[in-house]
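Chain by chain, the residues run as shown.
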Amino acid sequence: MPPTGTIFDIKKYAIHDGPGIRTTVFFKGCPLDCWWCHNPESRHTGVERIEVRSRIHGADREIVKEEIIGREVTIKEVMTEVLKDVIFYDQSGGGVTFSGGEPLHQIDFLTALLQACKDHHIHTAVDTSGCAPPEDFARINGLVDLYLYDLKLMDEQIHVKLTGASNQLILENLSILAQHDLDIQVRVPLIPGITDTEENLDAILAYLDRLNKVNEVCLLPYNVLGENKRRKFNLPQRLEPRQTQSKDMLEVCAGRFRARGYLVHVGG
Amino acid sequence: MNERIQRLRQQSLEAHPCLSLERARLLTEFYRSGKAERVSIPVARARAFAYLLEHKKICINAGELIVGERGPAPKATPTYPEICTHTLDDFQILDSREKISFTVDEQTRNMQRDIIIPFWSGRSLRDRIFAEVDAEWRAAYEAGVFTEFQEQRAPGHTVLDDKIYHKGFLDFIDEINVSIRKLDFYGDDQAPAKRQQLQAMIVAAFALINYAGRFARRLTELAAGEKDATRKTELLQMAAICAQIPAYAPETFWEALQYYWFVHLGVITELNTWDSFNPGRLDQHLLPFYRRGLADGTLTEERTRELLQAFWIKFNNQPAPPKVGVTAQESNTYTDFCLINLGGVDEHGADAANELTYLLLDVIEEMRLLQPSSMVQISKKSPDRLLHRALNIIRTGYGQPSLFNTDAIIQELVRQGKSITDARNGGASGCVETGAFGKESYILTGYFNLTKVLEITLHNGVDPRTGKKIGLETGNPVEFQMFDDLYAAFERQLRHFIDIKIKGNRIIERLWAEYLPAPFLSLLIDDCIAHGRDYNDGGARYNTSYIQGVGLGSITDSLTAIKYHVFDRRNLTMAELLETLDTDFKGFDKSRQMFVEETPKYGNDDDYPDEILRRVFESFFKAVDGRPNTKGGHFRINLLPTTSHVYFGSVVGAMPDGRHAGQPLSEGISPVQGADRRGPTAVLKSAAKIDHLRTGGTLLNQKFTPQILDSRDGIEKLGHLVRAYFKMDGHHIQFNVVTAETLRKAQQHPAQYRDLIVRVAGYSDYFVDLGADLQNEIIRRTEQGLE
C-alpha cells in the first residue's frame, strides 16, 4: 500500500519557489513554531476544522463558516495534479516544489512523491526548515534536484525562543548536505528587527562562507499576509504588527550577500 | 515624442467624436443628379466614390506630416445612408447616450430630416435586408439568438498585403485593362458583368489619384503662404509626395506611409467596412524603405519614429462609424479594430522580426492611443526578446499589444485551403480573426448565442422571455432520461438556428453583391482584378463567412451543472431545476449556492466540464464548418465576443451555472468570471482542449496585477506561460493587467473576481482570499505601480 499524506494546498503557476513554472505541494505539519509563520494552516499534522469569521461587505452581521483545512491524499492523487502541468515545466525549466509545513515531517510520503516525479523526469525541489533527522535527508538526497533551505536565526537562544526549537540540527543538516553534490539555495525570511539585523545577516554570511558550498541566497521580504492568516486561525499574535521592508532596506540586505560573491534573489 | 507629435496627439485625444453629414450630402447630391441611373450599379458606385473624393473638404492640420481625414476634421465621422439611414431618434440616441456618443448639432439634424431621410428611406441596404429576411430569421434575431453584422456596416474584414509598396495605381489600371482585354465574350456569360466591374475599378483608381492631387495643390498653396522656412520646405515635400503617390509606387518611407493612408481613407470612405481596414504586417512592408532611407541618409531613426507617430495619430482620428441598435450593443466601442501585426514569419517560414519591429513597439508604448490596435505574432522561431518586449508593454496596463500564435494561424489558414505562402503572409485582424492578407474576404456575419439555444431547448422551443415559440419542439426536458437526451435536443436546436442564420446570411450576401459593390476595395484584394469580380461578390482569392460563437464558458458550465446535479448526482430533478431558473433563483439560494460552489467548472483543467466543452465545440463546428456561402467560399467558426456577451446575457434568463437572469455571459473562450480557481496554467490547459486549429480565431483574456510582472523573472515566466499555451495550439492570449479600480470592484463583489491573482510580497494569491487590510495595501501598491 503506497503511503498517503496530509497536504493543505497544491498551488499551480508557482513562480517564486524555484526555477521556472512550478507546482508547489504544501505539506501539513511542522516541527517549528515560528512567531511570524505565514502559513499557520501548516502548523498541525492532520486535517483540522476551524471557524472562519467574515463580514459581508456593507452588512453588520458576522458570518461564521466552518472550514476544513488540509486533506489526506494518495500519491496518485497528487501526481494526477502534478502531471497536468508537465508542458509548463518542460517549457520553462520548472518542476515540482514540496513545501509546507515541513515536507520531511512526512518522510515516507515525501520519498514516494519524489520517486514518482523522478519516474516522470520532473525537476524536484524541497523547501525545508532543515529541522528533520539527518537520516531522513539521506533517504531523499538522490531524488532532490534542489533544496530550498531556510536559515532564520544564527543565535541559538533566540532561535529557541522564536521558533520553539534549537538551530543545531538545522545547521548540522546543512553542513552534511553541503558535502554532497547537491544544489542548495539558502532562503532567509526577513523578519523586521529579528532576522534582518546586521548581526544576524553577518552571522549567516560567516556560516555560509565556512560551508563554502552554497552560492545562491534568496531573501524573502516580510509578508504581512501572515498576520492576516494568523487572525483567521485564531492564533496568538506574538509579534507586533510590522511593515514589509522598504526597497532600500532590501537592497542593503542583498548588498551584504552580493559583496561576498553570492547570487541573491529578493522575493523568491 | 517631440513637441509636434505631442500637440497632434493631444488634439486627437481632445477631439470629441461628432457626426458629419458631408459624405451623406455629397452622396445624395450625386444620386439625385440622375447620373447614377445612366450606368450600371458598379460604375455608379465608383462614380459616387469619385464624386465624394472630388468634393470632400481637404483637411490639413497644423504641423501634420501625414495628411487626410475621413471627415472634414479629426473625429468628424461620416454616415453611410445608402447602408443605414439613421432616423432622428437614432441621432438623438447617438448624441445623448452615456457611452460611445457622437455629437449631433442642429444643422446636422435638420439636414438629415430634410435631405437625407427623404431620399434614402426604403432604399438603404438595411431596409432591403429587413424586407428580404423571413419571419423565422427575424424572430431569432429579435430574441437575441444571433446578431447580424451586415445590417448597418459593410462586409470589410480584410487587410492589405504588400502590393501597394511595389505598385502605383497606374499599375493597377494597367492590370485592369489587361483583364478587360482578356474577357471572353463568346465563352463566358459573365463577361459583360465583369466588364462593368472592371470599368468601375478604373474609375475608383483614378478617383484616388485625383484625391491625392487635390492635396498636392492645397499643400503647394499652403507652402506659398507659409512664413516658417522649415515648415515651408516640409509642405513642399509633402506636396511632392502627394503628386507622386498613389499614381506611382512609393520610393521613400514617408511616401509609403502617405500612400497607405490615402488607400485607407479610400476604403473607409467608399463603405463603412467592418474592422475598418488595416496595413497588416507593417514591420515587413516598411522594412525595405527604412533600411534604404538609413543607408542613403534620407532617413534617421528619430525621423522614422516621428513619421510613425504621426501615422498612428491618423488612425486615432477615425472612430468606428456610429452604430445603433443591436449592432451598437454587440460592438460598443470607438475602436475600429485596425490591428497592426508585428513579428511572425516571412513567406519562407523564417522568423520575420527585425529592427523595425522593435521600433514600432517603441511607438506603440509611447503613443498609448486607443487606435490603432496592435498585436505581436509569436512563432516557435520568434526570439524571446520579442516576446519579452511585448510583455513589458503589456505590464504597463495598456491592454496592448495582444499576443498571437503564428504557427496556429498558419495551420488554421492551410486547413481552410489557403496556400502555405498566403498563410505565412497572413495574420490576425479585428479582434482575433485569421486571414490571408491581401487575398481574402473573411466576413464576420454575426455573433451566435450558444447559451440562448440551451435556454430555448430547456423550454421545448419557446423563448421564456417572450413566451414565443421560436425554436424546434425538441422534447419536454422533464421527460429526458439521460444527459445525452438533453444534449441531443440541444444539438438539434443549435443546428436549427444555425440553419436560419446561414439562410439569412446567403440572402444578405447577395444583397451586398448586387446593390453595394465595392470597386475601390476590389482593386486592393487579389484576385478581384484577375477575376473581374467585385470584393462583395466573391472576387477575392478566398471567401470565408464566419459565425462567431459566444459564451463558451457559460454554455459549458450550464450543461455541466445539469449533467452533474440532475443526472449524475440526482441532487435535484429537472422540474426542480427549471423552477429555480424560471424564478431566477428566488427562494432557491441554496440551489444557486450549489450550482456556483459545488459544481465542476470549465477553466480548472478538470476533464468533467472540459469534455462537455469539447462536445459543444464539436457540435457548433459541425453545424457551421464547410457549408458553402454564395461567394464560392465556406462558412467557418470562430470564438470571440467583442461586447456581445453583455447583450446576449441581457436576453438570457437564469442559467444552471448560477448566473442570474440578464447578467453578462462569459467572454470569448475565457472561463465564466470567477469560475477558474486553479490558476492560469489550468485555464490554459482547459482552453487548449478545444481544437483551435479548426477555428478562424479564439479569444482568451487573463487578468493579472502589475506586481506579478514587476521583475525580469516574472516576465520570463509569463513568457513561458505564453509559449506553453502556443505549444498546445492556443490561438491568442491577452493579459489584462488590472488597475486599482478593478481591485476595488473586486473588494465589493468578490464572487465575480475569484480568479484574480495578485502578487503578495514573496508569492501570489487570490485577491479575494486576502484580508481587507492587505487588499487595501495591494490597491495602494497597484496605484503606485501604475504611475
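As a reminder, the structure under discussion sits directly above these lines.
Everything numeric here is computed off the predicted structure, so don't read it as measured data.

Cut-offs and rules
- Positions within a chain are numbered from 1, following the residues in the order the chain's sequence is written.
- The lettering of chains begins at A and the numbering of ligands begins at 1, in the order of writing.
- Where local features are concerned, this predicted model is filtered to residues with pLDDT of at least 70; where side-chain atom pairs are given and counted, the filter is 80 or more; whole-chain, interface and lining totals use all residues.
- With hydrogens and water set aside, each side-chain value is computed from the structure's full complement of heavy atoms.
- Going along the chain from the N terminus, every DSSP run of H or I of four or more residues is numbered as a helix, and every run of E of two or more is numbered as a strand.
- In this setup the radius of gyration rests on C-alpha atoms only. A globule is expected at 2.2 Å times the number of residues raised to 0.38.
- Exposure classes here rest on a 1.4 Å probe applied to the protein chains alone. A residue is buried below 20% of its type maximum, exposed above 50%, and partly exposed in between.
- The contact criterion used throughout is that any non-hydrogen atoms of two residues lie within 4.5 Å.
- Note: two strands are recorded as paired if DSSP finds a minimum of 2 bridges between them.
- In this analysis an axis means a line fitted to C-alpha atoms, helices contributing only their contacting stretch, and an angle means the value between N-to-C directions, from 0 to 180 degrees.
- Two parts placed together each lose some accessible area under a 1.4 Å probe, and the buried area is that loss summed for both.
- Basic side-chain nitrogens of Lys or Arg form a salt bridge, by our definition, when they fall within 4 Å of a carboxyl oxygen of Asp or Glu.
- Contacts described as polar in this section are N or O atom pairs within 3.5 Å, which, within protein, must combine one atom able to donate a hydrogen with one able to accept it, while residues neighboring in sequence count only if both atoms come from side chains.
- Should an angle fall under 35 degrees it is called roughly parallel, over 145 degrees roughly antiparallel, and 65 to 115 degrees roughly perpendicular, with every other angle called oblique.
- Crossings are assigned a handedness: left-handed for a near helix turned anticlockwise from the far helix by less than a right angle, right-handed for a clockwise turn.
- Here, nonpolar core means buried Ala, Val, Leu, Ile, Met, Phe, Trp, Tyr and Cys residues that are tied together by side-chain atoms lying within 4.5 Å of each other.
- For a helix, the expected span equals 1.5 Å multiplied by the residue count minus one.
- Whether two aromatic rings pair depends on their centres lying within 6.5 Å, for rings of Phe, Tyr and Trp, where Trp uses its six-membered ring; planes under 30 degrees apart make the pair stacked, over 60 edge-to-face, and the rest tilted.
- Each ring is checked for a lysine NZ or an arginine CZ that lies within 6 Å of its centre and within 35 degrees of its normal; such an atom marks a charge sitting over the ring.

Caption draft 1: Representation of the overall build of chain B. Check the secondary structure of chain B and you find 32 helices and 16 strands. Expected size for 787 residues packed as a compact globule is a radius of gyration near 28 Å; at 27 Å, chain B falls within 12% of this value. Overall, chain B is about 80 × 60 × 55 Å in size when its C-alpha atoms are taken along their principal axes. Across the 787 residues that make up chain B, the buried fraction comes to 66%. Counting contacts in chain B only where the partners sit at least 6 residues apart, residues at least 24 apart contribute 76% of the total.

Caption draft 2: Inspection of the sheet that holds strand S7 (residues 123-128) of chain A at higher detail. Residue and element names in this part refer to chain A. An order of S5-S1-S2-S6-S7-S8-S9-S10-S11 is seen for the nine strands of this open sheet, with the pairing classed as mixed. In the strand order of this sheet, the two ends are held by strand S5 (71-74) and strand S11 (263-266), each with one partner. On average, each strand axis in the sheet is inclined to that of its neighbour by 30 degrees, with strand direction left out of account. Looking at chain direction, strand S8 (residues 146-150) and strand S9 (residues 183-189) are connected through five bridges and run parallel. Bridged to Asp150 within S9 is Arg187. Where helix H6 (residues 168-179) meets the sheet, its contacts fall on S8 and S9, and the angle it forms with S8 comes to roughly 155 degrees.

Caption draft 3: Spatial organisation of the interface of chain B and chain A. At the junction of the two partners, chain B supplies 31 residues and chain A supplies 28 residues. Between chain B and chain A lies a buried interface of about 2700 Å² when both sides are counted; carbon and sulfur atoms form 56% of it. Seen at the junction of chain B and chain A, the total is one salt bridge. The shortest N-O distance in the salt bridge between B:Arg678 and A:Glu81 comes to 3.3 Å. Secondary-structure elements contributing two or more residues to the side of chain B that touches chain A are helix H29 (680-687), helix H30 (712-727), helix H31 (740-748), strand S15 (757-760), strand S16 (763-766) and helix H32 (772-785) of chain B. No other element matches the eight residues that H30(B) contributes to the side of chain B that touches chain A.

Caption draft 4: Spatial organisation of the side chain of B:Arg45. All names here are of chain B. With respect to the helices, strands and loops of the structure, Arg45 is situated in helix H3 (residues 41-55). Polar contacts involving the side chain of Arg45 include one to the main-chain carbonyl oxygen of Glu270, which spans 3.1 Å. In this structure, Arg45 is in contact with Arg23, Leu27, Tyr31, Glu82, Glu270, Leu271, Tyr515, Leu516, Pro517 and Pro519, ignoring residues within four places of it in sequence.

Caption draft 5: Main features of the side chain of B:His86. On the secondary structure map, B:His86 appears in the loop between strand S2 (76-78) and helix H4 (88-96). Discounting chain neighbours no more than four positions away, the residues touching B:His86 are B:Thr79, B:Phe91, B:Leu94, B:Gln112, B:Ile117, B:Pro322 and B:Val324.

Caption draft 6: Expanded view of the sheet that holds strand S12 (residues 634-639) of chain B. Residue and element names in this part refer to chain B. Strand order in the open sheet formed by three strands is S8-S11-S12, with parallel pairing between adjacent strands. Two strands bound the open sheet, and with one partner strand each, they are strand S8 (440-449) and S12. Strand-to-strand twist of the sheet, defined as the mean angle between neighbouring strand axes without regard to direction, takes the value 30 degrees. For strand S11 (residues 542-550) and S12, the ladder comprises six bridges, and the chain directions are parallel. Among the inter-strand pairings, Thr544 is bridged to a residue of S12, identified as His634.

Caption draft 7: Geometry of unusual backbone geometry. Cis geometry marks the peptide bond from A:Gly100 to A:Gly101, where omega comes out at 15 degrees. The omega torsion across B:Gln371 and B:Pro372 is -5 degrees, close enough to zero to call that bond cis. Here A:Tyr13, not a glycine, exhibits a phi torsion of approximately 45 degrees, which is positive. Within the secondary structure layout, A:Tyr13 lies in strand S1 (residues 4-14). One non-glycine residue, B:Asn460, lies in the positive phi region at around 55 degrees. Looking at where B:Asn460 falls in the secondary structure, it is placed in the loop between helix H20 (450-458) and strand S9 (462-463). Judged by relative accessible area, which is 22%, B:Asn460 ranks as partly exposed.

Caption draft 8: Representation of the pattern of salt bridges in the model. All names here are of chain B. Evaluated as defined, the whole model comprises 69 salt bridges over all chains. As a salt-bridge pair, Arg636 and Asp625 come within 3.1 Å of each other at their nearest N and O atoms. Residue Arg636 is located in strand S12, and its partner Asp625 is located in the loop between helix H27 (607-624) and S12; the two are separated by 11 residues in the primary sequence. Like Asp625, Arg636 is buried.

Caption draft 9: Inspection of the packing of helix H14 (residues 301-316) of chain B against helix H16 (residues 355-367) of chain B at higher detail. Residues and elements named next belong to chain B. For the pair H14 and H16, the least separation of the axes is 10 Å and the interaxial angle reads 55 degrees. In this view, H14 runs oblique relative to H16, as classed from their interaxial angle. Here the hand of the crossing between H14 and H16 comes out right-handed. The segment H14 lies against H16, with Glu301, Thr304, Arg305, Leu308, Gln309, Trp312 and Ile313 engaging Leu356, Leu359, Leu360, Asp362, Val363, Ile364, Glu366 and Met367.

Caption draft 10: Structural context of the nonpolar core. B:Phe169, B:Leu403, B:Phe448, B:Leu523 and B:Leu524 are the most contacted members of the largest nonpolar core, which has 221 residues in total. Once you skip the residues sitting within four places of it in the chain, B:Phe448 turns out to touch B:Val145, B:Phe146, B:Val453, B:Leu494, B:Phe497, B:Ile498, B:Ile547, B:Gln548, B:Gly549, B:Val550, B:Phe620 and B:Phe648. A:Val144, A:Ala178, A:Tyr222 and A:Phe257 belong to the second largest nonpolar core, which has 84 residues in total.

Caption draft 11: Representation of H27(B) in the model. Residues and elements named next belong to chain B. The end-to-end C-alpha distance of H27 is 25 Å, a good match for the 26 Å that 18 residues give at a rise of 1.5 Å each. Those residues of H27 lying buried are Pro609, Asp610, Ile612, Leu613, Val616, Phe617, Ser619, Phe620, Phe621, Ala623 and Val624. N-capping of H27 is provided by Asp606, with a side-chain oxygen placed 2.9 Å from the backbone N of Tyr608. Positive backbone phi, at 85 degrees, marks Gly626, one or two positions downstream of H27.

Caption draft 12: Broad picture of the packing of aromatic side chains. Residues and elements named next belong to chain B. For the structure shown, the criterion picks out 42 aromatic pairs over all chains. Taken together, a centroid distance of 5.7 Å and an interplanar angle of 80 degrees make the contact between Phe102 and Tyr334 edge-to-face. With Phe102 in the loop between H4 and helix H5 (106-120) and Tyr334 in the loop between helix H15 (325-330) and strand S3 (339-343), the pair connects residues that are 232 residues apart, well separated along the chain. Assessed through its relative accessible area of 19%, Tyr334 is described here as buried. Three or more aromatic residues link up through ring pairs in this structure, and these residues are Tyr260, Trp261, Phe277, Phe311, Trp312 and Phe315. The ring of Phe119 has Arg123 sitting right over it, with the charged end atom 4.0 Å from the ring centre. Lying over the aromatic face of Phe621, Arg694 brings its terminal NZ or CZ to 4.7 Å of the ring centre.

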